Amino acid sequence: MFSPLACQSDQFSIPKEVCYLNSAYMGPLPNAVLEAGHAALNLRACPTAIQSQDFFTPAERVRERCAKLVHADAESVALISTAAYGIATVAKNVKFSPGQNIVILAEQFPSNVYTWRNLRNQGVSIRTVARPALNQSWSEALIAAIDINTALVAIETAHWTDGTLFDVPSIGLAAHQVGAWMLVDGTQTVGAHPFDFATANIDALIVHSYKSMLCNYGLGFAVFSARMRDASPLEESWLLRKGSEDFSRLVDYQDEYAPGMRRFDTSTRANPSLIMMLDKSCELLSDWQAERIRAYTIDIARDFVEAAQNKGYNIEEESKRAGNIFGIRPPAGTDLDAIRLKLAEQKIYLSVRGSAIRVSPHVYNNREDFSRLAHALDLN
């Protein structure tokens, strides 16, 4: 059993008057992450101290840290620029045939939709699984949508609009039983919610770091299964070839890639500010631990959730949603955007996504933040 996590607000520079419940939009930078970025920029201003190993050593340290966050082997980790980059890498290497289908979620995040829609001109259909009725399982509906013609299943660890959790191992097993690929976008939850790649039955976990991982835009990571071992990368960078650490021999061109999944790395992993910020972010998240973050975010929101439910708001029960992102659905006819604007006037920040007001706390929030939200929504 882990020890409870305390509020970490002192590690951020969020003004006291601001109630920021919107990490699913963009996670604020911890002070230590910001300082790492500043130090890297200062180094870059006069690059005489930057050595050839600096193109590689920080990336290898971050690869290890990212793997640890999701219980994966570091050799299966690639450093990617965006979620769309990682998804496109998979799409390039899956062989699709006319008559096959791709199973996705209704109202899924666009990066995990547009890539698959482009395959329709190859005769591949998109099978969108709608949110089921109340008290019915979305995961079971996904499994029921998978058949022998399914080439790939592309979902999220938790739905980005309201935090609904999916039974990834069971869905992945169903996909693999028919030979389909299984891709999961973990951008909204990794670092703040437990995930075990080793038992997930998936072929690709795609994670951008600027939301739940509290880092900068432009560098995240992917974890790939053995199905991607001999696949082709999106870019043919010199940085990702065998022996590229020896700058004096870069003109001795190599056809062989660097080992593991490094061939899928983005060249921007060599950007000092991006890689050093991600390094510090991973370090903090490892110290806080995803299990403790989930328990903390669930706990500080519990009284608010009960009050909202008593006022007729529909909120998924704790065990079926992520702790760091959940949706509240007010009574029918409520103007959601009007609520969002009213809250922003009081410096309470959250988002409207689909039919839900999306609330996304993190380690810098506390019960007082939810008391402010409850008061602003007249739930008291």
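What counts as what
- Residues numbered from 1 in each chain as written.
- Predicted model: local features only at pLDDT ≥ 70, side-chain atom pairs only at ≥ 80, totals over all residues.
- Heavy atoms only, no water.
- Salt bridge = Lys/Arg side-chain N within 4 Å of Asp/Glu carboxyl O.
- Helix = DSSP H or I, 4+ residues; strand = E, 2+ residues; numbered from the N terminus.
- 1 Å grid on protein atoms, 1.4 Å probe; cavity = no way out; pocket = protein on both sides within 12 Å on 5 of 7 lines; lining within 4 Å.
- Points joined across faces, edges and corners; volume = space filled by probe spheres on them.
- Buried < 20%, exposed > 50% of the residue type's maximum accessible area, 1.4 Å probe, protein only.
- Lys, Arg positive; Asp, Glu negative; His and termini not counted.
- Polar contact = N/O pair within 3.5 Å; in protein donor to acceptor, adjacent residues only side chain to side chain.
- Pairing = 2+ DSSP bridges.
- Axes fitted to C-alpha atoms, helices over the stretch in contact; angles between N-to-C directions.
- Contact = heavy atoms within 4.5 Å.

Enquirer: What exactly am I supposed to notice about the pattern of salt bridges here?
Expert: It is possible for side chains of opposite charge to pair when their charged atoms get near one another. Tallied over the full model, the rule gives 21 salt bridges. A salt bridge links Asp279 to Arg61; its shortest N-O distance comes to 2.8 Å. Note that Asp279 is positioned in helix H7 (residues 272-288) and Arg61 in helix H2 (residues 57-69), a separation of 218 residues in sequence. Between Arg241 and Glu236 there is a salt bridge whose closest N-O contact spans 2.4 Å. Because the salt bridges share partners, they merge into one network encompassing Glu60, Arg63, Glu75, Arg262, Asp265 and Arg269.

Enquirer: Even after reading the chapter, I still don't get the layout of surface pockets, so can you show me in this structure?
Expert: Taking a probe equal in size to a water molecule and rolling it over the atoms shows the remaining empty space. Looking at the largest pocket, its volume works out to about 430 Å³. Looking at the largest pocket, it is lined by 20 residues, and the ones nearest its centre are Arg131, Gln136, Thr164, Glu316 and Lys320.

Enquirer: What exactly am I supposed to notice about the side chain of Arg358 here?
Expert: Looking at where Arg358 falls in the secondary structure, it is placed in strand E12 (residues 356-359). In this structure, Arg358 is buried with no salt-bridge partner, the nearest side chain bearing the opposite charge being Glu156 at 8.7 Å. Polar contacts involving the side chain of Arg358 include one to the main-chain carbonyl oxygen of Ala24, which spans 3.4 Å.

Enquirer: Explanation requested: the sheet that holds strand E9 (residues 326-328) in the structure shown.
Expert: As a general point, the strands of a sheet are linked pairwise by backbone hydrogen bonds and lie either parallel or antiparallel. In space, the three strands of this open sheet follow the order E9-E12-E11, with antiparallel pairing throughout. Sheet topology places E9 and strand E11 (351-353) at the edges, where each strand pairs with a single neighbour. Put simply, the sheet's adjacent strands are angled 45° from each other on average, direction ignored. Strand direction decides the pairing type here: E11 and E12, joined by three bridges, are antiparallel. Note that in E12 the partner of Arg353 across the bridge is Ala356. Against the sheet, helix H9 (residues 336-345) contacts E11 and E12, and its axis sits at roughly 165° relative to E11.

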